Amino acid sequence: MSHTTINPESLPKPSGFAHGILAGNTVFLGGQTALDKNMNIVPGGIVEQFTQAFSNVITTLREAGGEPEDLVNVTIYLTDVDDYMANGREIGRIWREMAGSQYPAMAGIGVTRLWQKEALIEIQGIAVIPER
């Protein structure tokens, strides 16, 4: 099966990876931190970083022709699980604003560090795009 690389112009240019890969009707969404277009982690805490990272995921998904409701699996890597949990209500509200109330299979994993030292969160996912 052939596949298509998905690298939206609005996201930082990747080097050594792809933002997404479309294989058939499945989109594999590479891990996204809270990088803005200028390759800087957005200022603020976990809520602001979640918003940017998830926005980057959704941008890639939409570039591939999908929508947030097509997400079937999301993995969230966190440098501070307690901070994420303490802000869970706000993060949940932002999720619903950005993706609706349908949730995919999910996992949250605590890690000691992410690629950018300032990054608090990285989100990756898988989506299946139905025929529309």
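Attention in this report is confined to the structure presented alongside it. (Residues numbered from 1 in each chain as written. Predicted model: local features only at pLDDT ≥ 70, side-chain atom pairs only at ≥ 80, totals over all residues. Heavy atoms only, no water.)

Packing of helix α1 (residues 46-63) against helix α3 (residues 88-99) leaves a shortest axis separation of 10 Å and a crossing angle of 20°. As judged from the angle between their axes, α1 and α3 are roughly parallel. Of the two elements, α1 crosses α3, and the hand of that crossing is right-handed. When α1 is examined against α3, the residues Ile 46, Val 47, Phe 50, Thr 51, Phe 54, Ser 55, Ile 58 and Arg 62 are found in contact with a partner set consisting of Glu 90, Ile 91, Ile 94, Trp 95, Met 98 and Ala 99. The residue inventory of the contact of α1 with α3, partitioned by class, reads 10 nonpolar, two polar and two charged. (Axes fitted to C-alpha atoms, helices over the stretch in contact; angles between N-to-C directions. Helix = DSSP H or I, 4+ residues; strand = E, 2+ residues; numbered from the N terminus. Parallel < 35°, antiparallel > 145°, perpendicular 65-115°, else oblique. Left-handed = near helix turned anticlockwise from the far one by under 90°. Contact = heavy atoms within 4.5 Å. Nonpolar A, V, L, I, M, F, W, Y, C, P; charged D, E, K, R; others polar.)

The next subject is the pattern of salt bridges. The full count for this structure, using the stated rule, is three salt bridges. With a closest N to O distance of 3.0 Å, Arg 62 and Glu 67 form a salt bridge. Between Glu 90 and Arg 93 there is a salt bridge; the shortest N-O distance is 2.4 Å. A residue pair is termed a helical-turn pair when its members lie 3 or 4 positions apart in one helix, as Glu 90 and Arg 93 do in helix α3 at three residues. Judged by relative accessible area, Arg 93 falls into the partly exposed class, the value being 33%. Counted as one network, the salt bridges with shared partners bring together Glu 90, Arg 93 and Glu 97. (Salt bridge = Lys/Arg side-chain N within 4 Å of Asp/Glu carboxyl O. Buried < 20%, exposed > 50% of the residue type's maximum accessible area, 1.4 Å probe, protein only.)

As a further point, take the packing of aromatic side chains. Under the criterion given, the structure shown has three aromatic pairs. Centre to centre, the rings of Phe 54 and Trp 95 are 4.3 Å apart; their planes meet at 15°, and the pair counts as stacked. Remark: Trp 95 occurs in helix α3 and Phe 54 occurs in helix α1; sequence separation between them is 41 residues. For the pair Phe 54 and Trp 95, one class covers both residues: buried. On the basis of an interplanar angle of 20° and a centroid distance of 5.6 Å, the ring pair of Trp 95 and Tyr 103 is categorised as stacked. (Phe/Tyr/Trp six-rings, centres within 6.5 Å; stacked < 30°, edge-to-face > 60°.)

What follows concerns α3. Counted at 1.5 Å a residue, the expected span for α3 with its 12 residues is 16 Å, and the 16 Å between its end C-alpha atoms agrees. For α3, the complete set of buried residues consists of Ile 91, Gly 92, Ile 94, Trp 95 and Ala 99. In an axial view of α3, the angular spread of the buried residues amounts to 160°, which keeps them on one side of the axis. Exposed residues on α3 whose side chains face more than 90 degrees from its buried face are Arg 89 and Glu 97. Close packing links the buried residues of α3 with α1, β4 (71-78), α2 (81-86) and β5 (105-110). (Expected span 1.5 Å × (residues − 1). Arc of directions from axis to C-beta.)

Distances and angles like these do not, on their own, reveal function.
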